[in-house]
Amino acid sequence: MITIEHLTKRYRGGVAALDDATLTIGSGMFGLVGPNGAGKTTLMRILAGLLRPTSGRANVFGHDLSTWRGRQASKALLGYLPQDLGLYPNLNAIEFLDYMAILKGVTSASARRSQIDDLLQQVRLTDVARRPLRTYSGGMKRRVGIAQALLGQPRLIIVDEPTAGLDPEERIRFRNLLADASIGRTVILSTHIIEDISQSCNDLAALYRGRVIYHGPPGALIEAARGHVWTVTADTRPDDGLLVVSTLQLARGTQYRVVGESCTSPGAEPGEPSLEDGYIWLMAQQRESLRSGAA
Amino acid sequence: MTALSLRYGVRLSLPWLAVVSAVAIALLMIASPDAGMRAPTLVLPLAMGVHAALLFAPGDEPSLELLLAAPRLPYWILLERLLPMLALHGAVGLAATALIAAKGYVPPAELIIDWLPSALALTGLGLLIAFVTRRAGLSVLVVLLLTGGLLFSVDSLILRFPHVFILHPFLTPGLAYALGIRLGMDGDVLYALNRLTLVLLALAALARTVFGLRDALRVLGLDAHPFQREDT
Amino acid sequence: MVAGMLGRIIRMELTLGWRRRLLPAVGIFLVLLQVGLMLIGTSGRGQTDFIMLDDTVQPPLITRVDLATGQEYTEVASLEELESIPVNLRNMRFDVFSATFQMVAYVSVIFPLVLGITLVITLADIIPVDRQLRVRELLEASPLHPGLYLLAKWLGGWAATLPMLIAALTALLVTGRLILGAYEPGLVLLAWAGVTVPFALLCAGVGVLAPAAVATRRRAILMGALLVPLVLFGYVSWSVSFWTTLTGLWRTDSTIALLPLSQSAILLTAQALLVALQIVPLLWLAQTAWIRLRR
């Protein structure tokens, strides 16, 4: 169990990347969504033991992350895939994973070998395992990244934007890999790709300007958008404060999928909300409440 | 977690730079038998300082976040790169010492005391500057300029400010003796103080770097002083 | 259009160089080092009481300074004094000449040695860092000619160092005036313009272009460090002409006045530098060809 209570993180200059965030994360896949600058990466780094919170508490399987001991202890249970994954260009995949396994405390050479072989098979890199990492494509590098995150049988896996830049097949493969890894573990997945969340997460949280504005199952977020999603076929872009989620050029005109409080456009048909619609609606409400609060 | 991986430490620490030291020492010994007697002292501090500067600069480290997120304490990263570097350059220095001592000019212990403390001091300096500035380039530059400048001018500086002897990286027993007369002290004591100070400076620089590694925020450059800021 | 593109890239390189904070840091370090070297270099130097011998009047007059009080006084020169002072040291203030000579030596000999090391190391990673930051791909996808890119990097790197060269020169001029006394600024500036600035151009060229094909910053800096002895060796070779002209001829009974002699020494060194500068276009051609071959 991971608990976060009134967590705040301020950087130099008073920038509050996290502001009084409170969450409880159980086992399984947990999604973390939010716009750029919402605090997702900061939260992930705190949970990964890289950053110390300014105030509040974060607890990972009983280890208090506000103490150095707690952070070190939680790192022993952690698999981490950062957003900007750097790899040593002159090492090959086996060597890189071997090195990472040593850093994670897998001291037995045979245990390391066995884990690495297994993981390379899972991420389908066995054939290219002896090539230097600098020759790998972006997707292959990401697979090395997830493999190193799975080393040492971690209880908590944190992945930050793991599928960015991957083709659809790679993304699906990744999702499946993470879903398999989440059995008996906690996997926190931070992503902009809502589809990844909808296909694999049983719980999610949305951040906005450092605050948690939603925590619950994806289904509830979808339901919150019911009655606020329409499809409109028109020659011009619908207005009236509606947000256009998608645009499709058809023979009879342009079909817009819109989200908003209400829709008075002629011919508007209510749509079945998706998780993406739910996210858009949530963010729209948040901005509106900030605007009305400021006014 | 105390798993030290010397194998990867060697791979990631540019071990072939020790060959460059060896070649430079050999060339100096061939080109000038007089200067060659102090070849390890003239080459190793510079070579080791530059090498140390290239060992670990947070801004240039590809997998920095992964290294810091690992349960192994981060100072092991430094040690597993520093130890092979010291061993290799040390081997070069000892070999050169043995060659020079074999010619019967100077006892080997004296030769080692001549180059080792200054080499360690510049190693510490290179390591520390690269860590604090997060850039290997600036550290290499400072080590090069400082060593070059001191090689040519520190004796003149000592004449004007004798008490600076304690930081003189290339102090010789002869100069220490002359200074001793000027300062009214035993030259051997001055020399010993100088050598000891250099070693202590090296240890202090290493300690500062190791201690600095505990602050992941700074190491990652997320709360960086303007001079440590990343390029992006 | 090409000139416009070149100008814009050079301007961008200037901005980048200063925003990286490396160049101001290096500039401050250079200023301190130069001032320090000058303080050390002038320490312990013996002072002479001789100021000037005027043999245009009868009887010839010698001006000296009382070292204790600093008061100058003039008296009739004895035959021994007349014979001991060479013709080319007469009818000019020796203290001004001495100070000018030292300043010219600092600007033309000592500072370029420091500059050579500084520029080659500081600029070595300018092109590899583009690759590391993945900006290189964007540049290669643009219509920018690779030769133009390299040229702009070289000139931009050199331009970015000009403010710190000027700061170091200012520090030198001020420190020289305070420590050495009055000197001929024109000659010092001629040395600056004729020797230091072109040498900076040469070092910037070697520093930027030689490691251009290197994959990582660390290797580029290493290459820069290994190039330093070559650059210094080259500099020492052609600066020998400066010294032989200045000091060798001075020891003869030449009636050439020393200030014009210094001028010709500076111009000779500048000529040698201009010849050496041809290395840079060769490097530029080689790297341009290499980039085109790899595409």
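Coordinates for the structure precede this section.
The structure contained in this document is the topic of the report that follows.

Criteria and cut-off values
Residues numbered from 1 in each chain as written. Chains lettered and ligands numbered in written order. Predicted model: local features only at pLDDT ≥ 70, side-chain atom pairs only at ≥ 80, totals over all residues. Helix = DSSP H or I, 4+ residues; strand = E, 2+ residues; numbered from the N terminus. Rg over C-alpha atoms; globule rule 2.2 N^0.38 Å. Buried ≥ 20, exposed ≤ 12 C-beta atoms within 10 Å, placed from the backbone. Contact = placed C-beta atoms within 7 Å. Pairing = 2+ DSSP bridges. Axes fitted to C-alpha atoms, helices over the stretch in contact; angles between N-to-C directions. Nonpolar A, V, L, I, M, F, W, Y, C, P; charged D, E, K, R; others polar. Parallel < 35°, antiparallel > 145°, perpendicular 65-115°, else oblique. Left-handed = near helix turned anticlockwise from the far one by under 90°.

### Thoughts on the overall build of chain A
Reasoning step 1: Looking only at helices and strands, chain A features nine helices and 14 strands.
Reasoning step 2: Against the compact-globule benchmark of 19 Å for 295 residues, chain A has a radius of gyration of 21 Å, which places it among compact chains.
Reasoning step 3: Across its three principal directions, the C-alpha atoms of chain A cover 70 × 45 × 35 Å.
Reasoning step 4: For chain A, the residues scored as buried account for 45% of the 295 residues in total.
Reasoning step 5: Counted over contacts in chain A with a minimum sequence separation of 6, partners at least 24 positions apart contribute 66%.

### A few points about the overall build of chain B
Reasoning step 1: Helices and strands together make up the secondary structure of chain B, namely 11 helices and zero strands.
Reasoning step 2: Reading the helices (α) and strands (β) of chain B from amino to carboxyl end gives α-α-α-α-α-α-α-α-α-α-α.
Reasoning step 3: Against the compact-globule benchmark of 17 Å for 232 residues, chain B has a radius of gyration of 19 Å, which places it among compact chains.
Reasoning step 4: If you line up chain B on its principal axes, its C-alpha atoms span 55 × 35 × 30 Å.

### Things to note about the sheet that holds strand β11 (residues 229–234) of chain A
The strands making up a sheet associate through backbone hydrogen bonding, with each pair oriented either parallel or antiparallel.
Residue and element names in this part refer to chain A.
Reasoning step 1: In spatial order, the strands read β12-β13-β11-β14; together these four strands make up an open sheet with antiparallel pairing. With partners counted over all chains shown, the strands left at the sheet margins are β12 (243–250) and β14 (269–270), one partner each.
Reasoning step 2: Relative to β14, β11 runs antiparallel, the two sharing two bridges. Bridge pairing links Trp230 to Pro270 in β14.

### Side note on the sheet that holds strand β9 (residues 203–208) of chain A
Residue and element names in this part refer to chain A.
Reasoning step 1: If you walk across this open sheet you meet the six strands as β6-β7-β8-β3-β9-β10, and the pairing is mixed. Of all strands in the sheet, those with a lone pairing partner are β6 (78–81) and β10 (211–216), marking the two edges. Pairs of neighbouring strands in the sheet enclose a mean axial angle of 15°, with direction left out of account.

### Considerations on unusual backbone geometry
Peptide bonds are, in most cases, trans, and in most cases residues other than glycine have a negative phi.
Reasoning step 1: At the junction of C:Gln58 and C:Pro59, the peptide bond is cis and its omega measures out at -5° in the coordinates.
Reasoning step 2: Considering the arrangement of structural elements, one finds C:Pro59 in the loop between β1 (50–54) and β2 (61–65).
Reasoning step 3: Positive phi, normally seen in glycine, also occurs at A:Asp20, with a value near 55°.
Reasoning step 4: Structurally, the position occupied by A:Asp20 is in strand β2 (residues 16–25).
Reasoning step 5: Residue B:Leu14 is not a glycine yet carries a positive backbone phi of 50°.

### Some remarks on the interface of chain B and chain A
Reasoning step 1: Counting residues at the interface gives 22 residues for chain B and 24 residues for chain A.
Reasoning step 2: Those elements giving two or more residues to the side of chain B that touches chain A turn out to be α1 (6–11), α5 (64–69) and α11 (216–220) of chain B.
Reasoning step 3: Here the residues of the side of chain B that touches chain A are counted per class, giving 16 nonpolar, two polar and four charged.

### Section: the environment of A:His228
All names here are of chain A.
Reasoning step 1: Mapping His228 onto the fold places it in the loop between α8 (218–224) and β11.
Reasoning step 2: Under the C-beta neighbour-count criterion, His228 is labelled buried, with 23 such atoms within 10 Å.
Reasoning step 3: Contacts of His228, omitting those with residues within four sequence positions, involve Val259, Gly260, Glu261 and Trp281.

### Comments concerning the packing of helix α7 (residues 108–133) of chain B against helix α10 (residues 187–212) of chain B
Residue and element names in this part refer to chain B.
Reasoning step 1: One way to put it is that α7 packs onto α10 with a least axis distance of 8 Å and a crossing angle of 25°. The angle between the axes of α7 and α10 places the two elements in the roughly parallel class. Between α7 and α10 lies a crossing whose hand is left-handed. On α10, the residues touching Ile113, Pro117, Ser118, Leu120, Ala121, Thr123, Gly124, Leu125, Leu127, Leu128 and Phe131 of α7 are Arg195, Leu198, Val199, Leu201, Ala202, Ala205, Leu206, Arg208, Thr209 and Gly212.
Reasoning step 2: Of the residues contributing to the contact of α7 with α10, the split by class is 14 nonpolar, five polar and two charged.

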